[in-house]
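For reference, the chains in residue letters:
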Amino acid sequence: MRRNFYELATAGPAPIASEALKHIAAFYAIEKEIRGRSAEERRLVRQQKSRPLADAFEVWLRAKLALISQKIKLAEAIRYALSRWQGLTRFIDDGRIELDNNTVERSIRGIKLSRKNALFAGSDGGAEHWAVVATLVETCKLNDVDPLAYLTDVLTRIINGHPNRDIDQLLPWAYRAQALKAVA
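Residues numbered from 1 in each chain as written. Predicted model: local features only at pLDDT ≥ 70, side-chain atom pairs only at ≥ 80, totals over all residues. Heavy atoms only, no water.

Undergrad: An account of the overall build of the chain is requested, with residue identities and associated values reported.
TA: Helix and strand content of the chain: 9 helices and 0 strands. Put simply, the chain runs from its N terminus to its C terminus through helices and strands in the order α-α-α-α-α-α-α-α-α. Accessible surface, the chain as shown: approximately 12,600 Å² in total, 56% of it carbon and sulfur. (Helix = DSSP H or I, 4+ residues; strand = E, 2+ residues; numbered from the N terminus. Areas by Shrake-Rupley, 256 points an atom, 1.4 Å probe, with all protein chains shown as cover.)

Put into structure tokens, the structure is as follows:
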């Protein structure tokens, strides 16, 4: 949603788009204050501070939409936001949800940037294998597991006869749990 208003505001004079960005910036300011807190603390602060802002922003968007031509890009941007309002404001009621998907976009950037490499995999099977390895590496990162150490250890275990029935123990999130038990 923010991107739509940003593109309009940077293209030239667009006071309504610029004002929308100020409304959105207020949410980010609150998120900056609560970053690192527990999900419950985040939810409570969001209920107290972000909910009134969201309610006022929605009313503001509807009022502006009624004033402008329905055929311009600004109207499209506002309709986009309003049609997804429930999803856009879900973060207020759940402290586990981030305000935006920037974290996810950053985590998949490596895969996105190297996806051209998959074009040279040689075959569909090669591309599928590449996708499996790339998925395992990114899943390791999300679970705070060193991908190289993980792949080295897991491949060694498989070569040494790890039972197929226990393959779930070798997935990154289970592997991390095992490593934590070993440390404790």
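Undergrad: Describe the packing of aromatic side chains, and please don't skip the residues or the numbers.
TA: What the rule picks out here adds up to 4 aromatic pairs. Ring centres of F27 and F57 lie 6.5 Å apart, and the angle between their planes is 55°; on these two criteria the pair is classed as tilted. Here F27 is found in helix α2 (residues 15-34), whereas its partner F57 is found in helix α3 (residues 39-67), with 30 residues between them in sequence. By relative accessible area, F57 is classed as buried at 1%. Grouped by ring-pair contacts, the aromatic residues F27, F57, W60, W85 and F91 constitute a single cluster. (Phe/Tyr/Trp six-rings, centres within 6.5 Å; stacked < 30°, edge-to-face > 60°. Buried < 20%, exposed > 50% of the residue type's maximum accessible area, 1.4 Å probe, protein only.)

Undergrad: Hey, could you go over the nonpolar core for me, with residue numbers and the actual values?
TA: One finds F5, A17, F57, L61, L74 and I78 to be the most contacted residues of the largest nonpolar core, which totals 23 residues. Those elements giving two or more residues to this core turn out to be α1 (2-11), α2, α3 and α4 (73-83). Per element, the largest residue contribution to this core is 6 residues, and it comes from α4. Once you skip the residues sitting within four places of it in the chain, F57 turns out to touch M1, A20, H23, I24, F27 and W85. Ranked by size, the runner-up nonpolar core spans 6 residues in total, among them C140, V145, Y150 and Y175. (Core = buried A, V, L, I, M, F, W, Y, C linked by side-chain atoms within 4.5 Å. Contact = heavy atoms within 4.5 Å.)

Undergrad: Let's hear about the side chain of T139: which residues, and what values?
TA: Relative to the elements of secondary structure, T139 occurs in helix α7 (residues 124-142). For T139, a relative accessible area of 18% translates into the label buried. Not counting the four nearest positions on each side in its chain, T139 is found in contact with P172 and W173.

Undergrad: Pulling in residues and values, what's your account of the environment of K73?
TA: Structurally, K73 is set in helix α4. The spatial distance from the C-alpha of K73 to the C-alpha of L8 is 7.8 Å, given a sequence separation of 65 residues.

Undergrad: Tell me what's going on with the pattern of salt bridges, and back it up with residues and numbers.
TA: Applying the stated criterion to the full structure yields 9 salt bridges. Here R46 makes a salt bridge to E31, at a shortest N to O gap of 2.7 Å. With R46 in helix α3 and E31 in helix α2, this residue pair connects regions lying 15 residues apart in the sequence. Pair check on accessibility: R46 and E31 agree, each one buried. (Salt bridge = Lys/Arg side-chain N within 4 Å of Asp/Glu carboxyl O.)

Undergrad: If you had to explain unusual backbone geometry to someone new, which residues and values would you point to?
TA: Of note, D144 is a non-glycine position whose phi angle comes to about 55°, a positive value. Within the secondary structure layout, D144 lies in the loop between α7 and α8 (147-159). Overall, the relative accessible area of 64% leaves D144 in the exposed class.

Undergrad: So what's going on with the confidence of the model for the chain? Which residues, and what values?
TA: Per-residue confidence for the chain gives a mean pLDDT of 87, with 86% of residues at or over 70. Model confidence for the chain, summarised as mean pLDDT per element, is weakest for helix α6 (residues 102-118) at 65 and strongest for α3 at 97. (pLDDT = per-residue confidence, 0-100.)

Undergrad: Outline α2, supporting the account with residue identities and numerical values.
TA: For α2, with 20 residues, the first-to-last C-alpha span of 30 Å sits near the 28 Å given by 1.5 Å per residue. All of the buried residues in α2 are A17, A20, L21, I24, F27, I30, E31 and I34. In this fold, the buried residues of α2 make contact with α1, α3 and α4. Note on α2: the residue one or two positions beyond its end, G36, has a positive phi of about 90°. (Expected span 1.5 Å × (residues − 1).)

Undergrad: Would you mind going over the packing of α7 against α8 in detail, with residue names and values included?
TA: Contact geometry of α7 with α8 gives a least axis separation of 9 Å together with a crossing angle of 120°. It follows from the interaxial angle that α7 and α8 lie oblique. α7 and α8 meet at a crossing whose hand is right-handed. From α7, L136, V137, C140 and K141 reach across to α8, where they touch P147, Y150 and L151. Of the residues belonging to the contact of α7 with α8, the class tally is 6 nonpolar, no polar and 1 charged. (Axes fitted to C-alpha atoms, helices over the stretch in contact; angles between N-to-C directions. Parallel < 35°, antiparallel > 145°, perpendicular 65-115°, else oblique. Left-handed = near helix turned anticlockwise from the far one by under 90°. Nonpolar A, V, L, I, M, F, W, Y, C, P; charged D, E, K, R; others polar.)

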